[in-house]
Amino acid sequence: MRQYEIAIRIAQVHHLAEERKYKKALTVIQTLDMRQVRNISDLKVFAEVYTRTEQFEAAKATYLRIYKKSRTRRILYRLIYLAIRTNELDDAESYYKEFVRMNPNNRDALILRYRIDKAAGVPISQLIDTLKSLKEEEYIEEWAYELAKLYQQAGRYEECAEECEDIKLWFGQGEIVERAKLLLDEINPHVLKTTALNLGYEAFFHGT
């Protein structure tokens with residue numbers, strides 16, 4: 001394929017990706033010899049298309065090509081995400097160590113730590129501790145709700161209710177706030193039961 005034909009097709013991929021027509025973009029990519037695509041900006045777009053169409057191995061290979069030329073935290077973040085999606089957790093850990101070395105931002109490190117640990121099936125209590133540390137670092141709506149759900153799964157209903165109330169207070173409105181309200185309604189019977197049991201115990205010991 002001549003160079004100008006390659007350039008035209010690469011431009012098509014960029015245009016389709018901008019319009020979020022990832023499947024069509026992938027079809028164009030599949031007509032190209034990836035060895036002839038060397039520009040980092042082009043490779044980043046191709047890797048994004050692969051990721052969006054769940055061609056994870058191709059995405060990982062493309063990001064590794066980029067990383068050899070541009071060793072950035074953003075590319076490492078993507079490599080960790082892809083390693084998790086393909087269940088290559090040893091690779092994820094290796095990339096994570098490098099990410100932490102390069103990135104002083106504890107927020108991003110905690111989010112990645114959570115993603116890796118969740119994929120590895122660590123105990124819920126450990127996942128909760130990571131998200132509690134993230135909450136202290138920065139309170140992020142998405143992860144606050146994830147923490148609330150973990151409390152529910154662990155049967156820690158009072159802490160789940162407190163987290164839902166914090167979400168309502170901090171973020172006011174929006175999709176996640178509405179989901180927190182629904183979760184609060186769902187767990188309220190458990191909270192009331194726990195409260196009643198606690199009151200019963202207190203009454204018993206007070207009476208004795």
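Residues numbered from 1 in each chain as written. Predicted model: local features only at pLDDT ≥ 70, side-chain atom pairs only at ≥ 80, totals over all residues. Heavy atoms only, no water.

### As for the overall build of the protein
When you go through the protein residue by residue, the secondary structure sums to 11 helices and 0 strands. Seen in sequence order, the protein has helices and strands lined up from the N terminus as α-α-α-α-α-α-α-α-α-α-α. Taken along its principal axes, the extent of the C-alpha atoms in the protein is 90 × 35 × 25 Å. Out of the 208 residues belonging to the protein, those deemed buried represent 38%. Taking contacts inside the protein between residues at least 6 apart in sequence as the whole, the part at least 24 apart equals 49%. One way to put it: in the protein the 33 positive side-chain charges average out to a point 10 Å from where the 33 negative ones average out. (Helix = DSSP H or I, 4+ residues; strand = E, 2+ residues; numbered from the N terminus. Buried < 20%, exposed > 50% of the residue type's maximum accessible area, 1.4 Å probe, protein only. Contact = heavy atoms within 4.5 Å. Lys, Arg positive; Asp, Glu negative; His and termini not counted. Charge placed at Lys NZ, Arg CZ, Asp CG, Glu CD.)

### Describing the nonpolar core
One finds Val13, Ile29, Met34, Phe46, Val49, Tyr63 and Ile80 to be the most contacted residues of the largest nonpolar core, which totals 39 residues. Take this core: its biggest share by element is 7 residues, from helix α5 (residues 73-85). If you look at the next biggest cluster of nonpolar residues, it comprises 26 residues, including Leu110, Ala144, Ala148 and Leu184. (Core = buried A, V, L, I, M, F, W, Y, C linked by side-chain atoms within 4.5 Å.)

### Considerations on the layout of surface pockets
Estimated volume of the largest pocket: approximately 170 Å³. Forming the walls of the largest pocket are 13 residues, and the residues nearest its centre are Tyr114, Arg115, Lys118, Trp143 and Glu146. For the lining of the largest pocket, the secondary-structure elements that each account for two or more residues are α5, α7 (106-120), α9 (141-153) and α11 (175-207). The residue makeup of the lining of the largest pocket, split by class, is 7 nonpolar, no polar and 6 charged. (1 Å grid on protein atoms, 1.4 Å probe; cavity = no way out; pocket = protein on both sides within 12 Å on 5 of 7 lines; lining within 4 Å. Points joined across faces, edges and corners; volume = space filled by probe spheres on them. Nonpolar A, V, L, I, M, F, W, Y, C, P; charged D, E, K, R; others polar.)

### Regarding the confidence of the model for the protein
Caution applies to low-pLDDT parts of the model: their predicted coordinates are not meant to be read in detail. Looking at the protein as a whole, the pLDDT averages 90, with 92% of positions reaching at least 70. Counting interchain partners and residues more than four positions distant, the pLDDT-below-50 stretch residues 199-205 has 0 contacts. (pLDDT = per-residue confidence, 0-100.)

### Considering the side chain of Arg113
One can find Arg113 in helix α7. A distance of 2.9 Å separates a polar atom in the side chain of Arg113 from a polar atom in the side chain of Asp117. Excluding anything up to four places from it in sequence, Arg113 contacts Glu93, Tyr96 and Thr130. (Polar contact = N/O pair within 3.5 Å; in protein donor to acceptor, adjacent residues only side chain to side chain.)

### As for the packing of helix α3 (residues 40-52) against α5
Interhelical geometry of α3 versus α5 gives an angle of 25° and a closest axis separation of 12 Å. Considered as vectors, α3 and α5 are oriented roughly parallel to each other. Regarding α3 and α5, the two cross each other, and that crossing is left-handed. Contact residues: α3 offers Lys44, Glu48 and Thr51, while α5 offers Arg74, Ile75, Arg78, Tyr81 and Leu82. Among the residues forming the contact of α3 with α5, the class breakdown is 3 nonpolar, 1 polar and 4 charged. (Axes fitted to C-alpha atoms, helices over the stretch in contact; angles between N-to-C directions. Parallel < 35°, antiparallel > 145°, perpendicular 65-115°, else oblique. Left-handed = near helix turned anticlockwise from the far one by under 90°.)

### Some remarks on helix α2 (residues 22-29)
The complete set of buried residues in α2 reads Tyr22, Ala25, Leu26, Val28 and Ile29. In an axial view of α2, the angular spread of the buried residues amounts to 160°, which keeps them on one side of the axis. Of the residues in α2, the exposed ones pointing more than 90 degrees away from the buried face are Lys23 and Lys24. Check the buried side of α2 and you find it contacts α1 (3-18) and α3. (Arc of directions from axis to C-beta.)

### Focus on the packing of α1 against α2
Two elements in contact, α1 and α2, have axes whose closest approach is 8 Å; the angle formed by their N-to-C orientations is 165°. Overall, the two elements α1 and α2 adopt an arrangement that is roughly antiparallel. For the pair α1 and α2, the crossing hand works out as left-handed. Of the residues in α2, those in contact with Arg9, Gln12, Val13, Leu16 and Ala17 of α1 are Tyr22, Lys24, Ala25, Val28 and Ile29.

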